[in-house]
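Each chain, written out:
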Amino acid sequence: MSKKDVKNTSNDLDKAGLSRRGFLGATAVGSATLMGAATLGGAVMSRESWAEAVSESRAKIHVEPGELDEYYGFWSGGHQGEVRVMGVPSMRELMRIPVFNVDSASGWGLTNESREIMGESAKYLNGDCHHPHISMTDGKYDGKYLFINDKANTRVARIRLDIMKCDKMLTVPSVQAIHGLRLQKVPHTKYVFANAEFVIPHPNDGSNYDLKDKNSYTMFNVIDAEKMEMAFQVIVDGNLDNVDADYTGKYAASTCYNSEDATDLGGMMRNERDWVVVFNIERIEKAVKEGKFSTLAGSDVPVVDGRKGSDFTRYIPVPKNPHGLNTSPDGKYFIAAGKLSPTVSVIQIDKLDELFDGSLEDPRAAVVAEPELGLGPLHTTYDGRGNGYTTLFLDSQIVKWNIAEAIRAYNGEKVNYIKQKLDVHYQPGHTHASLTETSDADGQWLVVLSKFSKDRFLPTGPLHPENDQLIDISGDEMKLVHDGPTYAEPHDCILARRDQIRTKKIWDRNDPFFASTVERAKKDKINLESDNKVIRDGNKVRVYMTSIAPSFGLTEFNVKQGDEVTVTVTNLDQVEDVSHGFVMTNHGVSMEISPQQTSSITFVADKPGMHWYYCSWFCHALHMEMVGRMLVEPA
Ligand code: CUK
Ligand code: CUA
Ligand code: CA
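Residues numbered from 1 in each chain as written. Chains lettered and ligands numbered in written order. Predicted model: local features only at pLDDT ≥ 70, side-chain atom pairs only at ≥ 80, totals over all residues. Heavy atoms only, no water.

S.K.: Got a sec to walk through the sheet that holds strand β21 (residues 333–337)? Specific residues and values, please.
M.R.: The strand order β20-β21-β22-β23 describes an open sheet built from four strands, whose pairing is antiparallel. What marks the edges here is a single partner per strand, and that holds for β20 (325–327) and β23 (367–369). With strand direction ignored, the average angle separating the axes of adjacent strands in the sheet is 35 degrees. Both β21 and strand β22 (residues 344–348) contribute to a ladder of five bridges, which runs antiparallel. By the bridge assignment for β22, Phe-334 is matched with Ile-347. (Pairing = 2+ DSSP bridges. Helix = DSSP H or I, 4+ residues; strand = E, 2+ residues; numbered from the N terminus. Axes fitted to C-alpha atoms, helices over the stretch in contact; angles between N-to-C directions.)

Here is the structure:
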């Protein structure tokens, strides 16, 4: 259907004496069943014109073989632990970045370089990541880093987007379960904001299990993004769910669903309202600078108390067990999704100054709208044209609504702020529109991460994939254009324009990613780019070799049974895409060595005899012949 047809449809409505708004008000809003796929801004389309409109949108997602996508998508892998890189709108999976998991193809979690980045937490083989976010300068993606949380083991990781590898990992001290994670947007991403979800006693040594005790609390965690070290922590009332930051650099806000300090479901649903807690980052930063903080046992991180009555925070009551919190791209609003309430709460950010200086006493005065959207609102995203798109978990719908009109309705005007409800399949969690969390929000594509796929795909046994749906939002109406099955469980995703991400084609020999390996080689007087040598140091054996397709610099080396062997391979190939691998059979040893990269891995040669090693990344017609042997002399 062309634009002309859409116009005609509304004209016909006007002629019939039904304004667009009146039409919506009279039928669609009153009756949720009418708000299925076939409504367009209130006008009911014929089946034929609907099919035509959708097929036009569907043609847009067909990216020809050899053509590139317009957007990079970064998907969390949920409790699978990795980050996935997608091309949008084709929804082709481009790459996986292992982070809080072990990956045998790249050797993440196995190599010395990755284990050093993971630090002490390398002992954990699992993770649960939810929220990937790209660093910003002046409220726009700068393409430098991507940060992501690990709820399972209370970590935050950073990925360098030039090489698409994790380069830092931090375990947040004194708290449990980092959930919400967002970045400071303005003036640049100096801080990573990370919500610790669960309330625990302090100290957590078994001496106290009372959650109502004043020494039981959780904290809002602020991380220095460049150093990837803790900057400070803020004690809060209740628990912490999701978070976002504003466009002045001054405020961040988090939802709390457990204002009850309950330990069970019934208790957590008791209050009609929980709250959004707003952090005055400027004030907290100042207090920390002036030394006005304390520290907790076993940690030197500055801690300030942001519980009710504090100068550092304001608690804004909102209904009920709120979940997502999303800043509108015009910088005007924090919008908290009600989850157990059919509403979202619109908090006007420029009223926060008055809330903090005391001239506005009632924190509810910062709430300027509370539109009713449907059942189970979880997350909101924006098109940059004044509309919000909120997922309705229970209704299995995405609802498009107009923020300004919702505010007018809250002030008593008869306005219908709901523009469209579209069925999604099924039970959506996060939704993300292109560039929505930056001031560049362009309203082109919308991804809806649906938790259930039910009957949408070929069956795969009791465990089903999720379903990430792509919706065209460039026009007046949303059009569902693609189903994308994904493995457990992308909670959240972000989209960046392709020109905002600049990657390296091959490794730089001076890259800090493997700097400590280069340092070790130097101590062993090894020239990594030319030497193929075995260094014996007691029962530690360090094997250095080069690789160039299709051979390793060493095709044989000798060790003794029980030796701790470190194999370091430097890939001398300079041709883009010629990656090698190193696998030692029957030793749990596998790693990637991409062009100009050095990788190393340590294992114990515990079995006497002959052990073949081989290249695992297909690199050459003679890739199968790229082999060598480790000869282990019996003890
Ligand atoms: S959360 Cu999972 S659907 Cu961790 Cu952002 Cu809302
Ligand atoms: Cu080198 Cu395959
Ligand atoms: Ca609650």
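Next comes the rest of the account.
S.K.: Residue-level account of the side chain of Glu-370, with values.
M.R.: In this structure, Glu-370 sits in the loop between β23 and β24 (377–382). Accessibility expressed as a relative area gives 18% for Glu-370, which makes it buried. In this structure the side chain of Glu-370 is engaged in a polar contact, spanning 2.6 Å, whose partner is the side chain of Ser-345. One polar contact links Glu-370 to Arg-364, side chain to side chain, over a distance of 2.9 Å. In this view, Glu-370 contacts Pro-319, Thr-343, Val-344, Ser-345, Arg-364 and Tyr-410; residues no more than four positions away in its chain are not counted. (Buried < 20%, exposed > 50% of the residue type's maximum accessible area, 1.4 Å probe, protein only. Polar contact = N/O pair within 3.5 Å; in protein donor to acceptor, adjacent residues only side chain to side chain. Contact = heavy atoms within 4.5 Å.)

S.K.: Describe the coordination of the calcium ion (ligand 3), naming the residues involved and giving the relevant values.
M.R.: Looking at the calcium ion (ligand 3), one finds its protein donor set to be Tyr-257 (O), Glu-260 (OE), Glu-260 (OE), Met-268 (O), Asp-274 (OD), Asp-274 (OD) and Asn-321 (OD1), positioned 2.3 to 2.8 Å from the metal centre. Its relative accessible area of 13% is what places Tyr-257 among the buried residues. (Donors = N, O, S within 2.8 Å, 3.2 Å for Na, K, Ca; no water.)

S.K.: Can you break down the pairing of strand β19 (residues 313–319) residue by residue, with the values?
M.R.: For β19, the buried fraction is high: six of the seven residues fall into the buried class. Two strands pair when backbone bridges link them, and strand β17 (residues 273–280) and β19 are joined in this way by seven bridges, in the antiparallel orientation. Among the inter-strand pairings, Phe-279 is bridged to a residue of β19, identified as Thr-313.

S.K.: Any details on the pattern of salt bridges? Residues and values, ideally.
M.R.: With the rule as written, the count across this model stands at 42 salt bridges. Linking Asp-162 and Arg-160 is a salt bridge whose minimum nitrogen-to-oxygen distance equals 3.0 Å. Assessed through its relative accessible area of 11%, Arg-160 is described here as buried. Of the charged contacts in the structure, one is a salt bridge between Asp-383 and Arg-385, with a shortest N-O distance of 3.6 Å. By relative accessible area, Arg-385 is classed as partly exposed at 39%. Through salt bridges with shared partners, one network takes in Glu-82, Arg-84, Glu-93 and Arg-96. (Salt bridge = Lys/Arg side-chain N within 4 Å of Asp/Glu carboxyl O.)

S.K.: Give me the sheet that holds strand β30 (residues 466–472): which residues, what numbers.
M.R.: Read from one edge to the other, the open sheet built from four strands follows the order β28-β29-β30-β31, with strand pairing classed as antiparallel. At either margin of the open sheet sits one strand with a lone partner, and together these are β28 (428–433) and β31 (479–486). Each neighbouring strand pair of the sheet contributes to a mean axis angle of 20 degrees, computed without reference to strand direction. Here β30 pairs with β31 via seven bridges, running antiparallel. Note that in β31 the partner of Asp-472 across the bridge is Lys-479.

S.K.: A description of helix α6 (residues 281–289) should follow, citing residues and the corresponding values.
M.R.: Buried within α6 are the following residues: Ile-281, Ile-284, Glu-285, Ala-287 and Val-288. Taken around the axis of α6, the buried residues stretch over an arc of 165 degrees, which confines them to a single face. In α6, those exposed residues whose orientation departs by more than 90 degrees from the buried face are Lys-286 and Lys-289. With its phi angle positive at about 80 degrees, Gly-291 sits one or two positions after the end of α6. (Arc of directions from axis to C-beta.)

S.K.: Quick rundown of unusual backbone geometry? Include the residues and the values.
M.R.: Residue Glu-489 is reached from Ala-488 by a cis peptide bond, and omega for that bond is -25 degrees. With respect to the secondary-structure elements, Glu-489 resides in the loop between β31 and β32 (493–497). Each neighbour pair has its own omega, and for Ala-549 with Pro-550 the value is -5 degrees, a cis peptide bond. Its location among the elements puts Pro-550 in the loop between β34 (540–548) and β35 (551–552).

S.K.: Hey, could you go over the site of ligand 1 for me, with residue numbers and the actual values?
M.R.: Around ligand 1, the surrounding shell consists of His-130, His-131, His-179, Asn-242, His-323, His-379, Gly-429, His-430, Lys-451 and His-491. Here the residues of the shell around ligand 1 are counted per class, giving no nonpolar, nine polar and one charged. (Near = heavy atom within 4 Å. Nonpolar A, V, L, I, M, F, W, Y, C, P; charged D, E, K, R; others polar.)

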